[in-house]
Amino acid sequence: FSLAPLVPRLSELLGIEVKKAEDVIGPEVEKLVADLANGAVLLLENVRFYKEEEKNDPEFAKKLASLADLFVNDAFGTAHRAHASTEGVTKFLKPSVAGFLLQKELDYLDGAVSNPKRPFAAIVGGSKVSSKIGVIESLLKKCDILLLGGGMIFTFYKAQGLSVGSSLVEEDKLELATSLLAKAKAKGVSLLLPSDVIIADKFAPDANSQTVPASAIPDGWMGLDIGPDSVRTFNDALDTTQTIIWNGPMGVFEFDKFAVGTESIAKKLAELSKKGVTTIIGGGDSVAAVEKVGVADV
């Protein structure tokens, strides 16, 4: 967990010798800070060694802030979490500002989502509807096409009266699923659910699998990926778009057998990016998928 391995690489990138402290607060760190020459760089140790960091403890944040004159946050990937070293210190340091990367991400996201080139499609996956309600509701106000995948689709199927076998279902979200379908219709958003699914007889990488229509999942079987027909339909819909946002995998992509849907979407988005479509991928799983397929650079 130590940041020691970063020192040689940081020194190389910055073209100066980066010094590293063994801690993040305390007299030794204060001395190193006081002794810094103009233009010198000091790397503090990993703040996560302190439980106060994730608790956003104000006293801890104050100690961190006491080392500095101002704060620049350039870590977009952690900016949504209020931790002591990112949010807490802003209470004690003026100015506290966004770095260039943070600015770029905000400009890009805000521009693409608030004022997208249309047609604008959103692809939302992941295992549960409950964790994506906010995302779906906010996108329904903005997008032209909404594609749903992942474990959450079974709650939508069940809400429509289909049998889902032993697939993941959030029983307490059936009414919500029905209302989201109605909302999409009322707003004229083309909402696409997968027409076929790849099912398994157990939740395991070596499970027996078969492809069935979404309306024909047998008892005792669970859906773990979207099927080939769905991939084709989704790809055809995406071909019509100018802006695409993707959040959440289409299936259990950790198991190779059930990664086809997710990987197909990743490849499609890469292909469309090269044609000038704006593609934005958010969320750890979706990012892992594009990296796994080797298309993250496009």
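Above: the structure in question.
Here's a quick rundown of the structure. Within every chain, residues take consecutive numbers counted from 1 along the sequence as written. Local features in a predicted model are, by the rule used here, given only for residues with pLDDT of at least 70; side-chain atom pairs are given and counted only at 80 or more, and totals for whole chains, interfaces and linings are based on all residues. Just so you know, side-chain values use all the structure's heavy atoms and leave hydrogens and water out.

Things to note about the environment of Pro218
We count a stretch as a helix when DSSP gives it H or I for four or more residues in a row; a strand needs E for two or more, and each element gets its number in order from the N terminus. Relative to the helices and strands, Pro218 resides in the loop between strand S9 (209-213) and strand S10 (222-226). Relative accessible area decides the class of each residue, using a 1.4 Å probe on protein chains only: under 20% of the type maximum gives buried, over 50% gives exposed, and in between gives partly exposed. Its relative accessible area of 30% is what places Pro218 among the partly exposed residues. Spatially, the C-alpha atom of Pro218 lies 9.0 Å from that of Ile199, the residues being 19 residues apart in sequence. The criterion used for residue contact is that any of the two residues' heavy atoms lie within 4.5 Å. In contact with Pro218, not counting residues within four places along its chain, are Gly165 and Ile199.

Details of the sheet that holds S10
Here a strand pair is declared whenever DSSP counts at least two bridges between the two strands. The three strands lie next to each other as S9-S8-S10, forming an open sheet whose pairing is antiparallel. The sheet is open, and its two edges are formed by S9 and S10, each paired on a single side. This sheet shows a mean twist of 40° between the axes of neighbouring strands, independent of strand direction. As defined by bridge partners, strand S8 (residues 196-200) adjoins S10 across four bridges and the pair is classed as antiparallel. Its bridge partner lying in S10, Ala200 is registered against Met222. Axis lines are fitted through C-alpha atoms, for helices just across the contact stretch, and the angle between N-to-C directions can take any value from 0 to 180 degrees. Running at roughly 35° to S10, helix H9 (residues 228-238) makes contact with S8, S9 and S10 of the sheet.

A look at the nonpolar core
One broad trend across soluble globular proteins is that nonpolar side chains are buried collectively. Counting residues in hydrophobic clusters, the biggest one holds 35 residues, and the most contacted among them are Leu146, Leu148 and Phe156. At the level of secondary structure, the elements contributing two or more residues to this core comprise helix H5 (100-114), strand S5 (120-124), helix H6 (133-140), strand S6 (145-148), helix H7 (153-159), helix H8 (174-187) and S8. Here this core gets five residues from one element, more than from any other, and that element is H8. Residues in contact with Phe156, not counting those within four places in the same chain, are Val129, Leu148, Ala177, Leu180, Leu181 and Leu193. Definition of nonpolar core: a set of buried residues of the types Ala, Val, Leu, Ile, Met, Phe, Trp, Tyr and Cys, connected through side-chain atoms within 4.5 Å. One finds Ile123, Val231, Leu272 and Val295 within the second-largest nonpolar core, a separate group that totals 23 residues.

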